[in-house]
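Coordinates in review
Given next are the chains, with one letter for each unit.
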Amino acid sequence: MEVTGEIKFTLLSQTDTEVTAEMPVQKGILNPFGIVHAGAMLWFADVAASVLVIGKTMPTEGMQGFPLAINLNANFTGNNKTGKFLAKSEFIKKGKTVSVVRTQVTDIDGKIIADVTTNHVLSS
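The structure presented is a predicted model; accordingly, all values stated were derived computationally and were not measured. (Residues numbered from 1 in each chain as written. Predicted model: local features only at pLDDT ≥ 70, side-chain atom pairs only at ≥ 80, totals over all residues. Heavy atoms only, no water.)

1. Regarding the environment of Trp43
Along the chain, Trp43 turns up in helix H1 (residues 38-54). With 35 residues separating them in the primary sequence, Trp43 and Gly78 have C-alpha atoms 16 Å apart. Setting aside residues no more than four positions away along its own chain, Trp43 makes contact with Ile7 and Phe9. (Helix = DSSP H or I, 4+ residues; strand = E, 2+ residues; numbered from the N terminus. Contact = heavy atoms within 4.5 Å.)

Here is the structure:
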């Protein structure tokens, strides 16, 4: 069995305290049941959170200080077959070595799809 997919999303805004992003619901992220795969939602939330932690630094492969996720907790409360998902990431704790971020993923009507908390440690 071969499985393929494509995840894409757009960062809409980034400040020192918040990142927002948008992901279209498309065929490449749907599970066999026809709704968005939980892994795609988690990846979307994790990348938005990582962008918040890294700030204005442009990430590069192997860079020192990249915010590696060390813990992810996700509660999936909804799903969709069409439309767009929005992610909003905010700090719970912005630390020098460990940061905690909460990302809420909603549909375009504001219905909560996922509530994700991630812990990040800066790579050395």
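2. Describing the sheet that holds strand E3 (residues 67-76)
Paired through their backbone hydrogen bonds, the strands of a sheet run either parallel or antiparallel. Read across the sheet, 6 strands follow the order E1-E2-E4-E5-E6-E3 without closing on themselves; strand pairing throughout is antiparallel. In the strand order of this sheet, the two ends are held by strand E1 (10-14) and E3, each with one partner. Strand-to-strand, the axes of this sheet are offset by a mean angle of 20°, without reference to chain direction. The strands touched by H1 are E1, strand E2 (18-24), E3, strand E4 (84-93), strand E5 (98-107) and strand E6 (112-122); relative to E4, the strand with the most contacts, the crossing angle is about 45°. (Pairing = 2+ DSSP bridges. Axes fitted to C-alpha atoms, helices over the stretch in contact; angles between N-to-C directions.)

The analysis is restricted to geometry; functional conclusions fall outside its scope.
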